[in-house]
Amino acid sequence: MSKLLSRQGVRDFCLGLALLLATLALMFWPKDSMAAARDGLTLCYNVIIPSLFPFFVLSALVVDLGLAGHLGRALEGIMRPLFNVPGACAPALALGFVGGYPVGARTALQLYQKGMCTKTEAERLLAFCNNSGPAFILGVVGAGVFASSKVGVLLYLAHAAASVCVGLVFRFYKAGKRRGEPRRVGPRFEAARFTAAFTGAIRDSFLSTLNICAFVVFFTVVIRLFFLSGVLPGLAGLLGRLLGPLGFSQAWAERLLTGFFEISSGVWTLSGEGAMAGRMSMAAFMLGWAGLSVHCQVLSFLGGSGLSARTYILGKMLHGGLSALFVGLLARLFPLEAPVSSYLADQVESLSALDFSTALTISTVCAWVLWLLFFTAALAAVRKTSRKRRKAVL
């Protein structure tokens, strides 16, 4: 089969057939396709834009203004022993945990393009810095899907712990290479003026956000067409039969395949029936894996950079497996039998009714608070360095 698909003519035929089937599906289900596209646009308007755009601006400013370089000198003693990457990579890890997909990956790429890390170090960083944000896990998954704040906390703790473990594993990726590996070929990085950095960050972040919204809408329509055409139920039935001896039914297989393609749609399927432990473990896997939609967003950033996507994909697979394992262990240590309070029910209702302006305000405030923390830490590092130089001169 691999030899057959390696032929150019066969690949062109398969691609043409897939495009023909996609066109026919849009012709057979035009109203459903339009409804799915509207759902995707609504998701982008209410969630994607307000949650990602401020953090994209933040990541660009941290790199372009040279704050990452100053932080690197202060955090080298932490990042190098743990993850075998320079201290300048710390903003990618921090923003990846707070901003959500794909802020961490975009920041890692910016650090590599500015010459602040080598190609190998950037590939190591990609394996574990692109994580789901706490707002999505605690608000959407924990409170919205499982109606339990405790579930959200357990999922986020497992998600964060698994990410750190993936980083510890991939510190050995190409460990034989010397630290003196050359940085990306290009002019020497110099911090930009604030006006130039700010305008460039706004422009580039807006284009990146639109790029992500396009992938979200596309995969929302694709998943709907897969269901209507019977492709997804058919694949789920086949997967259910293969994993039947392990207690894996077709319903669980449909949930898994939905999350395999798109994380938001996948986690919402877990709000139905099923054992709590099983639904939590599958949610943890989906959050770690992130879905093909997120992977396409990351690959669109990596195009032309020369960075390999292999470590990124392997890291996300390992992240999903470790997250599911950790959730199983945490669920045994912290039982979830406590009833949901009325206060939490009010929280769930307020989260679902959150409008665009409120979401944008909250996300923007969080982004700039984090930027101020980075600026303060960088300023402290600069002062410390200047003091050492003065003492050396004296």
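Residues numbered from 1 in each chain as written. Predicted model: local features only at pLDDT ≥ 70, side-chain atom pairs only at ≥ 80, totals over all residues. Heavy atoms only, no water.

Novice: An account of the overall build of the chain is needed here, citing residue identities and associated values.
Specialist: Scanning the chain for helices and strands turns up 18 helices and 0 strands. In the chain, once contacts between residues fewer than 6 apart in sequence are set aside, the share between residues at least 24 apart is 79%. Taken as a whole, the chain presents about 19900 Å² of accessible surface, with 68% of it coming from carbon and sulfur. (Helix = DSSP H or I, 4+ residues; strand = E, 2+ residues; numbered from the N terminus. Contact = heavy atoms within 4.5 Å. Areas by Shrake-Rupley, 256 points an atom, 1.4 Å probe, with all protein chains shown as cover.)

Novice: Give me the nonpolar core: which residues, what numbers.
Specialist: Within soluble globular proteins, side chains that are nonpolar tend to cluster in buried spots. Judged by nonpolar contacts, the single largest core of 80 residues is most densely connected at Leu111, Leu125, Val141, Phe146, Leu155 and Leu270. The leading source of residues in this core is helix 9 (residues 149-170), at 9 residues. Apart from the residues within four sequence positions on either side, Leu125 is in contact with Cys89, Ala92, Ala108 and Leu111. In this structure, Val57, Leu65, Ala197 and Ala201 belong to the second largest nonpolar core, which totals 6 residues. (Core = buried A, V, L, I, M, F, W, Y, C linked by side-chain atoms within 4.5 Å. Buried < 20%, exposed > 50% of the residue type's maximum accessible area, 1.4 Å probe, protein only.)

Novice: Report on a nonpolar patch on the surface, specifying residues and quantitative values.
Specialist: Residues Phe13, Leu17, Leu20, Leu21, Leu24, Met27 and Phe28 make up a contiguous nonpolar surface patch of about 750 Å² in total accessible area. Locating Leu24 in the fold gives a position in helix 2 (residues 8-28). Among the residues examined, Leu24 registers a relative accessible area of 32% and is labelled partly exposed. (Patch = residues over 30% accessible without salt bridge, like charges linked within 9 Å, V, L, I, M, F, W, Y side chains within 5 Å. Salt bridge = Lys/Arg side-chain N within 4 Å of Asp/Glu carboxyl O.)

Novice: Before we move on, could you go through the packing of helix 5 (residues 90-99) against helix 6 (residues 103-113) and cite the residues and values that matter?
Specialist: Running from N to C, helix 5 and helix 6 point in directions that differ by 160 degrees, and their axes come no closer than 7 Å. Our classification of the angle between helix 5 and helix 6 gives roughly antiparallel. The interaxial crossing formed by helix 5 with helix 6 has right-handed handedness. Note on element contacts: helix 6 touches helix 5 through Val103, Gly104, Thr107, Ala108 and Leu111, opposite Pro91, Ala92, Leu95, Gly96 and Gly99. (Axes fitted to C-alpha atoms, helices over the stretch in contact; angles between N-to-C directions. Parallel < 35°, antiparallel > 145°, perpendicular 65-115°, else oblique. Left-handed = near helix turned anticlockwise from the far one by under 90°.)

Novice: I'd like a description of the pattern of salt bridges, backed by residues and values.
Specialist: Where charged atoms from two side chains of opposite charge come close, those side chains can pair. Under the counting rule described, the total for this entry stands at 2 salt bridges. A salt bridge links Arg224 to Asp39, with the shortest nitrogen-to-oxygen separation between them at 3.0 Å. Of this pair, Arg224 sits in helix 10 (residues 194-229) while Asp39 sits in helix 3 (residues 30-64); the two residues are 185 residues apart in sequence, bridging distant segments of the chain. Arg224 sits in the partly exposed class, given a relative accessible area of 27%.

Novice: Quick rundown of the state of the cysteines? Include the residues and the values.
Specialist: Following the criterion strictly, the structure yields 0 disulfides and no others. Among the cysteines around Cys213, which has no disulfide bond, Cys44 carries the closest sulfur, lying 3.6 Å off. (Disulfide = S-S within 2.5 Å.)

Novice: Explain the side chain of Asn84 to me, and be specific about the residues and the numbers.
Specialist: Mapped onto the elements, Asn84 comes out in the loop between helix 4 (67-83) and helix 5. Other than its neighbours up to four places away in sequence, Asn84 contacts Met79, Glu121, Arg124 and Arg171.

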